[in-house]
Amino acid sequence: MDQYFKIGKLVASHGLKGHLVLQHSLGKKTSLKGLEMIFIEEGKDNLMPYFISDVKIKNDEEVFVSLEAIETKEHARKLTPKDVWITSDDFNKYASASSPIALLGFTLVNENEKLGEILEVIEQPHQLLCTILINNKEVLIPIHEESLDKVDKKKREVHVTLPDGLLDIYLA
């Protein structure tokens, strides 16, 4: 699923006409104006497209979204809680450059060794966890002020200095 980015989750239905609450991590208050379609994860690596008919801002991290063909509260509830994805082109339009989710697709570099592409960013109170694949194994890399060296936006690289033995835990 390298052409799609996970932006959040449908967390609740709203009202009686099938509206949904989309909790996103795009890093800014956004109405998603102009976004035509989202993809909802129906199963592992199975994304279903849904056309957007209306979006209203709820707060900095949530929007009310109406999807075509979803017209009842019961139908909307079947879509919660499910992950929401958008295409890479749409992601580049709507994600704030300063938000942690903007690191998706960057290459993680540990002391000049390229480890892999950042596939997921998990925000935690004092650090980020970046998911990468090494030898087809999922590896979680913590990024915080002590491990982060720099973010090179031109080269799309995140440079870190990882603690000794961290990768050995995953790759042993």
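Above this text is the structure in question.
Computed from a prediction, not measured in an experiment: that's the story for all the values here. (Residues numbered from 1 in each chain as written. Predicted model: local features only at pLDDT ≥ 70, side-chain atom pairs only at ≥ 80, totals over all residues. Heavy atoms only, no water.)

Trainee: I'd like a description of the side chain of E157, backed by residues and values.
Mentor: Secondary-structure assignment places E157 in strand β13 (residues 157–160). Residue E157 is classed as buried on the basis of its relative accessible area of 8%. Polar side-chain contacts of E157 include one of 3.4 Å to the side chain of K114. Of the polar contacts made by the side chain of E157, one reaches the side chain of H159; its length is 3.0 Å. Aside from chain neighbours lying at most four places away, what touches E157 is F106, T107, V109, K114, K150, V151 and D152. (Helix = DSSP H or I, 4+ residues; strand = E, 2+ residues; numbered from the N terminus. Buried < 20%, exposed > 50% of the residue type's maximum accessible area, 1.4 Å probe, protein only. Polar contact = N/O pair within 3.5 Å; in protein donor to acceptor, adjacent residues only side chain to side chain. Contact = heavy atoms within 4.5 Å.)

Trainee: Go over the sheet that holds strand β3 (residues 37–43), please, and point to the residues and values.
Mentor: In space, the 6 strands of this closed barrel follow the order β1-β2-β5-β4-β3-β6, with antiparallel pairing throughout. Across the sheet, the mean angle separating the axes of adjacent strands is 45° when strand polarity is ignored. Pairing analysis gives 6 bridges linking strand β1 (residues 4–14) to strand β6 (residues 82–87), with the strands arranged antiparallel. Residue G8 lies in a different strand from β6, and its bridge partner there is V84. (Pairing = 2+ DSSP bridges. Axes fitted to C-alpha atoms, helices over the stretch in contact; angles between N-to-C directions.)

Trainee: Got a sec to walk through the pairing of β6? Specific residues and values, please.
Mentor: Where β3 and β6 come together, 2 bridges link them in antiparallel fashion. If you follow I40 over to β6, its bridge partner there is V84.

Trainee: Which residues make up unusual backbone geometry, and what are the values?
Mentor: Of note, the amide linkage connecting T80 to P81 takes the cis form, showing an omega dihedral of -20°. Mapped onto the fold, P81 is located in the loop between α1 (73–77) and β6. A positive phi angle is found at N112, which is not glycine, with a value near 70°. When you line up the elements, N112 lands in the loop between β7 (107–110) and β8 (113–117). For N136, which is not a glycine, the phi torsion comes out positive at approximately 60°. Here N136 shows up in the loop between β10 (128–134) and β11 (137–143). Here N136 falls in the exposed class, since its relative accessible area comes to 76%.

Trainee: Now, about the pattern of salt bridges: what can you tell me, with residues and values included?
Mentor: Inspection of the entire model under this criterion finds 7 salt bridges. A salt bridge links E42 to K82, with the nearest nitrogen and oxygen atoms 3.3 Å apart. One end of the pair, E42, is in strand β3; the other, K82, is in strand β6, with 40 residues separating them in the sequence. Look at E42 and you get partly exposed, because its relative accessible area is 34%. (Salt bridge = Lys/Arg side-chain N within 4 Å of Asp/Glu carboxyl O.)

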